[in-house]
Amino acid sequence: MWANLTINEESSPIILKLVIRFIYFALFFKSYLMTENLVIVESPAKAKTIEKFLGKDYTVVSSFGHIRDLSKNKLGIEIEKGFKPVYEIPADKQKVVSELKKLAAGAKNVWIASDEDREGEAIAWHLIAVLGLDASTTKRIVFHEITKEAIAKAIETPRAVNMDLVNAQQARRLLDRIVGFEISPVLWKKVQPALSAGRVQSVAVRLIVDREREIIGFAPESAFRVTGLFNGLNNKSEEVILKAECTKKFSNENEALKLLERCAKASFAIENISVKPGTRSPAPPFTTSTLQQEAYRKLGFSVAQTMSVAQKLYEAGRITYMRTDSTNLSSLALNTAREVITADYGTEYSKTRQFKTHAKGAQEAHEAIRPTYFDKKSITGNNNEKKLYELIWKRAIASQMAEAKTEKTTITIGMNPAAEVFTAVGEVIRFDGFLRVYSESYDNVAEDDEKTLLPAVAKGMSLDAVNITATQRYTTPPPRYTEASLVKKLEELGIGRPSTYAPIISTIQARGYVAREDRPGEKRILMVLTLTGSKITKSEKTEVAGKEKAKLFPKDIGIIVNDFLTANFPDILDYNFTAGVEKEFDEIAGGDLEWGKMLSDFYSPFHKSVDESLARKERMTGNRELGNDPATGLPVFVKMSKYGPVVQLGEASPGNKPRFANLRRDQLLETITLEEALVLFSLPRSLGDYQGSEMIVSSGKFGPYVRHNSKFFSLKRGVDDPYSITAERAIELIVEKLEGEKKKVINDFGEIQVLNGRYGPYITMDKNNFRIPKGTDPATLTKEECLKIIEKGGQKKKSAKPAKKK
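Throughout this document, residue positions are counted from 1 along each chain, in the order its sequence is written. At least 70 in pLDDT is required for a residue's local features to be given in this predicted model, at least 80 for side-chain atom pairs to be given and counted, and no such filter applies to totals for whole chains, interfaces and linings, which use all residues. Side-chain measures here rest on the full set of heavy atoms in the structure, leaving out hydrogens and waters.

Colleague: Would you explain the packing of helix α7 (residues 199-216) against helix α14 (residues 483-493) in this entry?
Modeller: The axes of two packed helices give the description: the angle between them and the distance between them. Whenever a helix is involved, its axis is fitted only over the stretch in contact; in every case the axis is a line through C-alpha atoms, and angles between N-to-C directions fall within 0 to 180 degrees. Only DSSP runs of H or I reaching four residues or more are called helices, and only runs of E reaching two or more are called strands; each is numbered from the N terminus. Relative to each other, α7 and α14 sit at 115°, their axes nearing to 11 Å. As summarised for this structure, α7 and α14 are arranged roughly perpendicular, according to the angle between their axes. With respect to the hand of their crossing, α7 and α14 are arranged in right-handed fashion. Between α7, through A204, L207 and I208, and α14, the contact on the second element is made entirely by L486, K489, L490 and L493. Polarity classes work like this: nonpolar for Ala, Val, Leu, Ile, Met, Phe, Trp, Tyr, Cys and Pro, charged for Asp, Glu, Lys and Arg, and polar for all others, with Gly in that last group. Taken together, the residues of the contact of α7 with α14 sort by class into six nonpolar, no polar and one charged. Angles are sorted into four bins: roughly parallel if under 35 degrees, roughly antiparallel if over 145, roughly perpendicular if 65 to 115, and oblique for all others. If you view the pair so one helix is near and one far, a crossing is left-handed when the near helix is turned anticlockwise from the far one by less than a right angle, and right-handed when it is turned clockwise. We call two residues contacting when some pair of their heavy atoms lies within 4.5 Å.

Okay, structure coming up:
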């Protein structure tokens, strides 16, 4: 190459420098691009952790998830060609793919270490195809924990991409695209524009809608529960106090009153004492769904939050793979758990066991979620990571501990003359076993035991009734789903898989079909009858019924879409059908079913249903006539508008414009009454004058508010009701906000203000905010000093508006 290069005297120094520089950069980039081993994972955090365990001969890079997906141009599937997918590289992945191609071209060996589930296998397959790698020489490695030992073992045992797993992922992706692509236009035409539907998501919505209708149709029944407080002397002449409950419930006040009258004339004695030994066994180590459920119950984490934190723990090498429905533990894990338990608690606390997986169609990874190292009881990290890790550690270690030994005592108190009996039940922990570390329902075992201890008594011992109380109780409707209980239900039905639970729940909320909300409940009066001595008194007490926290409520549009899909696509919304589809995906993953045939068998009847629903003339809008307004005689309707559910007063006609009002958050189109609807037209309403200006309560884009003296004062969500708020409460809100505004303004120099903000004091001028230097007292700043700070450029951001001048 260099033999034919001619260099004259004038140009030789310049050319020589250029040649040297070219050779230098060529060698530099060659050393950069050439690597002995290139390892590709899907996450930067995972890449960083793995790189610590591999030597200098390995370069670990991230693909940042999937590098290609179905084309967004039309369906992205060539159905007539046997459901051939049309893949494309998204614009935001073009640069990543370009860099990966360069690195792969210069590597002697390419290793793909994406996750070991179907999604991870598909990522590996797409990487091979897009990067132009040789499938026969590209090494696929998998591991369920990111430890030095697991990585080394994976490197020693590479394999080829499992096309059965890839095809199962492709079948799911294509089927979901077909359902969404074909049903969504039907919803636009028959229900409302811009709606969408998903195969599994629609089933999840149906579960929530069905449960809501169960609750709406539930008629509570009342009964009286009778409890008694008894005392007496035992054989040691010690006074004992026993709280017991009558084994019979009484359907009405009269029956309960008659019992108390009999109790007033009766004598009481201990009729029987039953002591039974028992055991409590630990729960299995976590699967994806049980982790999501327990993290919600114990930590208050949403399903998405749990998976996000667990992903970070896995990628940091703290826990095993977090998408699994297996409760199995490896031999190494069992041995190390036994060593830790024996060392920390003693041999009597250790009991090695393996759990069987009961989930329908269990698959994905082959081990439960556990710490990578059992001897690490805690980790460094943020609070959420520490909390979730501790929960996983406790559950896994407890699963390998001995059963707790209990003793359950039942004391039966008879009354003479009468057939009714009272019972007191207590449980004592004789050996705490796994409860020393963890309990699925409560953590503080000692505190609970103190509540259940019973005094020493003997059969035949006489008792006196200190008081006997009959309290009215109401039956409760089925509970609404939480995110965690919905995951449990989906798993029980065999719908979805570990990798899909969080996306399902996030999607149905993002689409506005379901909302996670709190509800304050309503006060309910309970009747109480109390016998003290021979006197019976009657009183009342209140309870809050229907109070909900972080429950899933169907929205009107979700109910309408659910009803339309149930009527027109019954198979798609059928629980067994959806579970059957999941089973077919499992069969594809196991190599027992051809994915093209599965899609073909599904598509023909499905597409026919799409055509039939489009041919029908009727639309589903949720419209319902409630009656006529007594004041005007105009008809009152409820319907779904493009702005949400509304009440309409009057019909549109030439010269007549109907009035509209939005439904409240806790109201539904199918249950709202005429009286409730008419109340919605009471806004805006006057609350009277305050300081010479009228107070008007109304509702706007950002919620209900009080308008006073040309200012707006928001009502507090979950506390204030615009339809019932009083003038006194409105004045409280006005005063509260005005006092807050006074405290916000530290100094006012006209166009320059010194204000208190969320992150501390700052200076504002011309809608620009400026930081105040540390050590400066904002209260003593003059206008000139503020100008100097502004000139020095202590700018924070250009967003907040300066406070209005007083």
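Colleague: What's the story with the sheet that holds strand β26 (residues 711-714) in this structure? I'm lost.
Modeller: Strand pairing within a sheet occurs via backbone hydrogen bonds; the two strands may be parallel or antiparallel. Here four strands make up an open sheet; going across it, the order is β23-β24-β25-β26 and the pairing antiparallel. This sheet does not close on itself; its edge strands, each paired only once, are β23 (685-690) and β26. Strand-to-strand twist of the sheet, defined as the mean angle between neighbouring strand axes without regard to direction, takes the value 30°. A pair of strands counts as paired when DSSP detects no fewer than two bridges linking them. The sheet contact formed by strand β25 (residues 703-708) and β26 spans four bridges and is antiparallel. Its bridge partner being in β26, H708 is matched across the sheet by K711. Sheet contacts for helix α21 (residues 727-744): β23, β24 (693-700), β25 and β26; angle to β26, the most-contacted strand, approximately 110°.

Colleague: Sorry, what's going on with the side chain of E582 here?
Modeller: The topology assignment puts E582 in helix α18 (residues 575-589). For every residue, the accessible area (1.4 Å probe, protein chains only) is compared with the maximum for its type, and the residue is labelled buried under 20%, exposed over 50%, or partly exposed between those bounds. The class for E582 is buried, based on a relative accessible area of 0%. Think of a polar contact as two N or O atoms within 3.5 Å of one another; within protein, one of them needs to be a possible hydrogen donor and the other a possible acceptor, and neighboring residues in sequence only count if both atoms come from side chains. Looking at E582, its side chain comes within polar contact range of the side chain of R172, at 2.6 Å. Of note is the side chain of E582, whose polar atom sits 3.2 Å from the backbone nitrogen of G496.

Colleague: What is the right way to read the layout of surface pockets from this model?
Modeller: In this approach, a probe sized like a water molecule rolls over the atoms, and the result shows the empty space that is left. Estimated volume of the second largest pocket: approximately 1,200 Å³. If you go around the second largest pocket, you meet 49 residues; those closest to its centre are E119, R172, R173, D176 and P503. Within the residue set of the lining of the second largest pocket, elements represented by two or more residues are α4 (118-130), α6 (163-190), α7, α10 (303-315) and α15 (501-510). In terms of residue class, the lining of the second largest pocket is built from 14 nonpolar, 17 polar and 18 charged. The way it works is a 1 Å grid over only the protein atoms, where trapped points that fit a 1.4 Å probe form a cavity and open points with protein on both sides within 12 Å along at least five of seven lines form a pocket, and then any residue with an atom within 4 Å of a point lines it. Grid points are joined across faces, edges and corners, and a volume is the space filled by probe spheres set on the points.

Colleague: What is the right way to look at the packing of α4 against α6 in this model?
Modeller: α6 packs onto α4 with a crossing angle of 105° between their chain directions and a minimal axis gap of 8 Å. Here α4 is positioned roughly perpendicular relative to α6, judged by the angle of their axes. Taking contact as the criterion, the partners of R118, E119, E121, A122 and W125 in α4 are, on α6, M163, L165, V166, A168, Q169, Q170 and R172. Split into classes, the residues belonging to the contact of α4 with α6 amount to six nonpolar, two polar and four charged.

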